[in-house]
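Summary of structural features
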Amino acid sequence: ELTILTSSRCLHGDDVRENLFKEVSELYHDLDRGLTPLTVFFPNAPTDRHKKRNAARQKMVELFGKVIKNRRDNPDVKHSDGTD
């Protein structure tokens, strides 16, 4: 959890850490568990872990798509992330 807290602050910014931390943390967990030795040889094998990994990836795309859109729509607002 400490790694997620640190990376969410440094790479994603305060808005993600403060508003989406719990959800992003759970999604990272599903992504991590979806990377198994089987994944190297059969990345699309129909396993429960791969299904959760794929669902987590799609949800991440949706969540961060909203964050990116908000930042683009509000360029004058200072966002604290790895780019500042």
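Before reading further, recall that the structure is shown in the block above.
Residues numbered from 1 in each chain as written. Predicted model: local features only at pLDDT ≥ 70, side-chain atom pairs only at ≥ 80, totals over all residues. Heavy atoms only, no water.

Quick word on the environment of phenylalanine 64
- Within the secondary structure, phenylalanine 64 sits in helix H4 (residues 48-73).
- In this structure, the C-alpha to C-alpha distance between phenylalanine 64 and valine 24, residues 40 residues apart in sequence, is 9.6 Å. (Helix = DSSP H or I, 4+ residues; strand = E, 2+ residues; numbered from the N terminus.)

Re the environment of aspartate 30
- Among the structural elements, aspartate 30 can be located in helix H2 (residues 14-33).
- Looking at aspartate 30, the relative accessible area reads 25%, which means it is partly exposed.
- When the C-alpha atoms of aspartate 30 and alanine 56 are compared, they prove to be 6.3 Å apart, with 26 residues separating the residues in sequence.
- Once you skip the residues sitting within four places of it in the chain, aspartate 30 turns out to touch Lys52, Arg53 and Ala56. (Buried < 20%, exposed > 50% of the residue type's maximum accessible area, 1.4 Å probe, protein only. Contact = heavy atoms within 4.5 Å.)

Notes on a nonpolar patch on the surface
- A cluster of nonpolar side chains, contributed by Leu38, Val40, Phe41 and Phe42, occupies part of the molecular surface with about 460 Å² of accessible area.
- You can see leucine 38 is positioned in helix H3 (residues 37-41). (Patch = residues over 30% accessible without salt bridge, like charges linked within 9 Å, V, L, I, M, F, W, Y side chains within 5 Å. Areas by Shrake-Rupley, 256 points an atom, 1.4 Å probe, with all protein chains shown as cover. Salt bridge = Lys/Arg side-chain N within 4 Å of Asp/Glu carboxyl O.)

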